[in-house]
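So you can see what is in the structure, the chains are spelled out below.
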Amino acid sequence: ACAEHASPTARARIVSVAPNLTEMLFAAGAAEQVVAVSAYSDYPEAAKRLPQVGDAFRLDYERIVALAPTVAVVWETGTPAGVAERLEGLGIRVVSIPTRNLDDIAKGVIALGEIAGTQATAAQAAADYRARIAALRERYRGRAPVRVFVQIDDAPLFTVGGPHLITEILGLCGGKNVFADAAVQALPVDLEAVLARAPEVILSTDTDAPAPYWARFTQLTAVARGNLYQSNGDLLARPSPRIADGAADVCARLDEARAKRK
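Note that the coordinates shown come from a computational prediction; the quantities given were computed from them, not determined experimentally.

Thresholds applied
Residues numbered from 1 in each chain as written. Predicted model: local features only at pLDDT ≥ 70, side-chain atom pairs only at ≥ 80, totals over all residues. Heavy atoms only, no water. Helix = DSSP H or I, 4+ residues; strand = E, 2+ residues; numbered from the N terminus. Rg over C-alpha atoms; globule rule 2.2 N^0.38 Å. Buried < 20%, exposed > 50% of the residue type's maximum accessible area, 1.4 Å probe, protein only. Contact = heavy atoms within 4.5 Å. Lys, Arg positive; Asp, Glu negative; His and termini not counted. Charge placed at Lys NZ, Arg CZ, Asp CG, Glu CD. Pairing = 2+ DSSP bridges. Disulfide = S-S within 2.5 Å. Core = buried A, V, L, I, M, F, W, Y, C linked by side-chain atoms within 4.5 Å. Expected span 1.5 Å × (residues − 1). Polar contact = N/O pair within 3.5 Å; in protein donor to acceptor, adjacent residues only side chain to side chain.

Student: Which parts of the structure should I look at to understand the overall build of the protein chain?
Tutor: Helix and strand counts for the protein chain come out as eleven helices and 13 strands. Rg of the C-alpha trace for the protein chain: 20 Å, near the compact-globule value of 18 Å for 262 residues, within the 12% margin. The dimensions of the protein chain, computed from C-alpha atoms along their principal axes, are 65 × 35 × 30 Å. Looking at the protein chain residue by residue over its 262 residues, the buried ones come to 49%. Of the contacts formed within the protein chain by residues at least 6 apart in sequence, a portion of 58% connects residues at least 24 apart. Averaging the positions of the 28 positive and the 30 negative side-chain charges in the protein chain gives two centres separated by 6 Å.

Shown next as structure tokens:
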């Protein structure tokens, strides 16, 4: 057995530096061991009551030290370089959680359960999440493909590339990201490039509704058919078990778009 599980007094004291990791820690059953969270950690409700130690770009290291955590959980793709080294320099064990694909979320929950000694809760949460993703995969298997432009921001226009989780979610639903050929997580694109790729659906994860920006392009299929959808950004942009809710919503929207085909 690991030393940290040797006795109840040796329980990990955990600091989370990203909102999605906070959600994963709670899902893993580690809530009682989380001593601090990052800004925007607003789910579940209990997370809002924990001390906040800044966001990934401006962490309050003095406050972190004062809370005496034994473990800091960082996000492999979202926490800036240098943060892990700084935390390690303070004598805190750093655990990096990758979320490069949908199954990484289940693996991350299990890994956090190991740290917290809440393996049974974590295993159940991971199994439930995997079952939801598998059910979506099965339900939407073989649906006619739908070409989708994912809008993260409109000033400037920003989208996701092939390696992004949202591209995998679209695939799950029978959607095709029109910028899937880009080998980066996210990228700025120009309007002409979007129009040239003729998306049938525009899916916005931005806080602004997409319709006002796109309304003038009446020749675009997505506009002509009213396939301008706004997703809950937290459910798609945050790789946590709730991404299964975001995926279910995207699949339903793409089915709406299919139903509008002549």
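Student: Explain the sheet that holds strand β8 (residues 153-154) to me, please; I cannot follow it from the model alone.
Tutor: The strands making up a sheet associate through hydrogen bonds between their backbones, and the pairing can be parallel or antiparallel. Pairing within the open sheet is antiparallel, and its three strands lie in the order β8-β9-β11. Only two strands of the sheet have a single partner each, and these edge strands are β8 and β11 (186-188). Both β8 and strand β9 (residues 157-160) contribute to a ladder of two bridges, which runs antiparallel. Bridge pairing in β9 places D153 opposite F158.

Student: So what exactly am I meant to see when it comes to the state of the cysteines here?
Tutor: In protein structure, a disulfide is the covalent linkage between the sulfur atoms of two cysteines. Following the criterion strictly, the structure yields one disulfide and no others. Between the sulfur atoms of C173 and its disulfide mate C251 the distance is 2.1 Å. A torsion of -80 degrees about the S-S bond marks the disulfide between C173 and C251 as left-handed. Pair noted here: C173 is in the loop between α6 (165-172) and β10 (175-177) and C251 is in helix α11 (residues 243-259), with a separation of 78 residues, a long-range link. Looking at C251, the relative accessible area reads 0%, which means it is buried.

Student: Any chance you could explain the nonpolar core here in plain terms?
Tutor: Most often, soluble globular proteins keep nonpolar side chains buried together rather than apart. By size, the foremost hydrophobic cluster in this structure holds 29 residues, and its most contacted members are L102, Y129, V148, I169, V250 and L254. Those elements giving two or more residues to this core turn out to be α4 (102-116), α5 (119-140), β7 (146-151), α6, β12 (201-204) and α11. A total of seven residues in this core trace back to one element, the largest contributor, which is α11. Those residues within four positions of V148 in sequence are excluded, and the remaining contacts are L170, K176, N177, V178, P199, V201, L203 and L254. Counting residues in each nonpolar core, the second largest holds 24 residues, with A28, V73, L112 and I115 among its members.

Student: Can you walk me through α4 in this structure?
Tutor: Each full turn of the α-helix corresponds to 3.6 residues, which orients residues three or four apart in the same direction. Look at α4: 22 Å from first C-alpha to last across 15 residues, which is about the 21 Å you get at 1.5 Å a residue. Among all positions of α4, only L102, D104, I105, A106, G108, V109, L112, G113, I115 and A116 are buried. Sitting at the amino-terminal end of α4 is N101, which places a side-chain oxygen 3.1 Å from the backbone nitrogen of D103. Trailing α4 by a residue or two, G117 shows a phi angle of about 75 degrees, which is positive.

Student: Looking at this structure, I do not really get the pairing of β7. What am I missing?
Tutor: Put simply, side chains in a regular strand alternate between the two faces of the sheet. Of all six residues in β7, five are buried, a share of seventy percent or more. Across three bridges, β7 lies against β10 in parallel orientation. Bridging from a neighbouring strand, V148 pairs with N177 of β10. One ladder, built from four bridges, connects β7 with β12; its direction is parallel. Bridge assignment links V150 to a residue of β12, and that residue is L203.

Student: Would you take a moment to explain the pairing of β12 for this structure?
Tutor: The alternating pattern of β12 places V201 and L203 on one face and I202 and S204 on the opposite face, and all of these are buried. Examined bridge by bridge, β12 and strand β13 (residues 228-230) share three bridges and lie parallel to one another. Paired with L203 across the strands is Y229, a residue of β13.

Student: Whenever I open this one, the side chain of T167 confuses me. Can you help?
Tutor: The topology assignment puts T167 in helix α6. Since its relative accessible area comes to 14%, T167 is described here as buried. Within the local environment of T167, its side chain forms a polar contact with the backbone oxygen of G161, the two atoms lying 2.7 Å apart. Those residues in contact with T167 that lie beyond four places of it in its chain are V160, G161, G162, N177 and A180.

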